[in-house]
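# Coordinates in review
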Amino acid sequence: MAEIARLSVGSEQLELPVFEGTEGERALDISKLRAQSGLITLDEGYVNTGSTRSAITFLDGEAGVLRYRGYPIETLCEHCDFVEVSYLLIYGELPTAKQLEDFRASIRRHTMLHEDIRQFYNGFPRDAHPMGTLASVVSALSTFYQDSLNPHDPQHVEVSIHRLLAKLPTIAAYSHKKSVGQPFIYPQNDLSYCENFLQMMFAVPCEPFESDPDFVHALNLLLICHADHEQNCSTSTVRMVGSADANLFASVAAGISALWGPLHGGANEAVVSMLEQIRDDGGDVQKYVRMAKDKDEGFRLMGFGHRVYKNFDPRAKIIQAACSKLLGKMSIRDPLFEIAQQLEEVALRDDYFVERRLYPNVDFYSGVIYRALGMPVPMFTVLFAMGRLPGWIAHWVEMMRSPTKRIYRPRQVYTGPTEREFVPVEKRG
Ligand code: ACO
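This text gives an overview of the structure that appears in the document. (Residues numbered from 1 in each chain as written. Predicted model: local features only at pLDDT ≥ 70, side-chain atom pairs only at ≥ 80, totals over all residues. Heavy atoms only, no water.)

Note that N268 resides in helix 12 (residues 267-280). A distance of 3.4 Å separates the side chain of N268 from the side chain of T381, its partner in a polar contact. Once you skip the residues sitting within four places of it in the chain, N268 turns out to touch D363, S366, G367, Y370, F380, T381 and F384. (Helix = DSSP H or I, 4+ residues; strand = E, 2+ residues; numbered from the N terminus. Polar contact = N/O pair within 3.5 Å; in protein donor to acceptor, adjacent residues only side chain to side chain. Contact = heavy atoms within 4.5 Å.)

Written out as C-alpha cells, the structure is:
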C-alpha cells in the first residue's frame, strides 16, 4: 500500500501518493494536483522537482556517491574503458565479452564522416568555437542519415546510437584541425576509441604518431567520469527535446548547446582561465578566495560548488588523483595545478565555503589534466560532450521507451499585466 501525504490548502484536504525509489528517495506525486485542486507547484530552476523516474544513475550529493546502473564510479574507472561504460549506461547491463567485442566492432565501422560533411568545416570561421561547430555538425547528421530518424523504430535508434558514438570524436577532432589549419586525419579503425581520438587530434600526415598509454588511460578516466549525471541541465535538455519525438541527432545537438554554458560544461574552461588569471596576478590565492566571498565583486571560484553535491564530488577525487599521477609521471611542474591545490586547501578550511558546503566539482581538476594531455582550452567542453554522450543517449532511450512518456511541458505562474486597453501608436505618449 503506497504511502499517502496529506496537504491542506484553506479548507481543502488533498491526498498525494508518495513514490519511493530503490535507494529510499521519496517523492510526492503531484501529477494529479492541478486536476484535483487547480494548484500547480512553483520551483524555479527545478531545485526540488523530480522530472522523471530513471534507472540509470544514482547519486547522493550529501554522501558524495555516484553509481551508474548500480556500479560505483570508482569501480568502473578501475576496471572498464569508456566504451564498456557506454554499453552499460545505454543497455543497462555490463556486456559479455562477445557483446562488447561486437559493440566495439560496430562503433569502429561508423567512425568516418560522409565526405560532404567535411565540406561544412570550410564554411565555419577559422576561430569558431568547437562547441558551436560540434552542435551544428551533430544536428546536420540528421540530414545525412534520414534512413534512421524514427525515434520509435528500434533499428533506427540502434544505428543512430552507433553512428553518434562513432562519429562524435571524428567531428570533434576535425573542429580542432580546422582551427589550427592542419589537414584532417581520417579515423584508423584498428585503434581503440581513445587512441583513435588522440590520433585524429594530434597526428599530422608527415610524421608517424603513437599515443602515450598514460594519456589514453587518463582520457578514458575523464570520459567515464563525465558519462552520466542523471537529470543535469544538458541531459534534461536532451529529454525535453526528445519528448517532442525529435530524432536522436537533433536532441543530442540541443544537449551540446546546453552543455556549452559556463555554469555547466563550460566551467572547465572557466577554471583554467581563472587559474591563469591568479598565476599572472602573482599567485595570491587568498586574494581570490576573498573576492569570491565578497558579493559586490561578482566573482565566483569556478570549479567550486554544485547544485547536487554538498560533499566532495567523487569524480573530482578520481580526477585529482589521476592528474597528480600523470603530472608526476611526465615530471611536469604545472603552476596551475599547484595553484589549484592551494586554492582547494584554502577554500576547504574557509567558513564561507564550509557553511555553504562548496567543494571542488568535476571541472576543478579536469582542465588541468586536459592541459597536460595537450588539449587546447576551447576543446575542454568538447571532451565533456564526448564523455556525456552515452548518458544523453541512455536517457533519451529510457524516455522514448517509457510507457508513461509525455511531451515535457512545464507550467508557470503568470506575473505580467492583466488585460489592458490597446492604445494606437499615434496616441501613445
Ligand atoms: N564561489 C563563491 N560562492 C559560491 C560559489 C562559488 N563557486 N558557488 C556558490 N556560491 C555561493 C552563492 O553565492 C550562494 O551564496 P549565498 O547563499 O550567500 O547567496 C551559495 O553559495 C549558494 O549558491 P547558488 O548559486 O544558490 O547554488 P546553485 O546550486 O544555484 O549553483 C553552481 C550551483 C551553478 C554550480 C554554483 O555553485 C557555481 O556557479 N559554481 C561555479 C561554476 C561551476 O563550477 N560550475 C560547474 C558546475 S559542475 C558541472 O556542471 C559539471
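Back to the text.
Moving on: the packing of aromatic side chains. All chains considered together, the criterion is met by 18 aromatic pairs. Aromatic pair Y121 and F184: ring centres 5.3 Å apart, planes at 70°, arrangement edge-to-face. Of the two residues, Y121 sits in helix 5 (residues 115-123) while F184 sits in the loop between helix 7 (154-180) and helix 8 (193-202), which places them 63 residues apart along the sequence. Accessibility assignment for this pair places Y121 and F184 in one class, buried. Here F364 and Y365 contribute two aromatic rings whose centre-to-centre distance is 5.0 Å and whose plane-to-plane angle is 80°, an arrangement assigned as edge-to-face. Judged by its relative accessible area of 0%, F364 falls in the buried class. Ring pairs connect the aromatic residues F304, F337, Y352, F353, F364 and Y365, which therefore count as one cluster. Here the basic side chain of R356 rests over the ring of Y352, its NZ or CZ set 3.9 Å away from the ring centre. (Phe/Tyr/Trp six-rings, centres within 6.5 Å; stacked < 30°, edge-to-face > 60°. Buried < 20%, exposed > 50% of the residue type's maximum accessible area, 1.4 Å probe, protein only. Lys NZ or Arg CZ within 6 Å of the ring centre and 35° of its normal.)

The subject of this paragraph is the pattern of salt bridges. Applying the stated criterion across every chain yields a total of 18 salt bridges. Close ionic contact of K98 with D102 constitutes a salt bridge, the shortest N to O distance being 2.7 Å. Residue K98 and its partner D102 are both found in helix 4 (residues 97-109); the two are separated by four residues, about one turn of the helix. Residue class for K98 comes out exposed when judged on its relative accessible area of 53%. When its relative accessible area of 38% is taken as the criterion, D102 is described as partly exposed. (Salt bridge = Lys/Arg side-chain N within 4 Å of Asp/Glu carboxyl O.)

Further remarks concern the site of the ligand. Residues in contact with the ligand amount to 20 residues; listed here are only the nearest, R300, L301, G303, R307 and Y352. Contacts to the ligand include R356, whose side-chain N or O atom sits 3.0 Å from an oxygen atom. Of the residues that constitute the shell around the ligand, the class distribution is 10 nonpolar, five polar and five charged. (Near = heavy atom within 4 Å. Nonpolar A, V, L, I, M, F, W, Y, C, P; charged D, E, K, R; others polar.)

Counting residues in each nonpolar core, the largest one holds 116 residues, and the members touching the most others are Y68 and F197. With near-sequence residues (within four places) excluded, Y68 lies in contact with I56, T57, I73, L76, V85, L88, L89, I224, C225, H226, A227 and D228. Membership of the second largest hydrophobic core comes to five residues, among which are A5, L16, V18 and L33. (Core = buried A, V, L, I, M, F, W, Y, C linked by side-chain atoms within 4.5 Å.)

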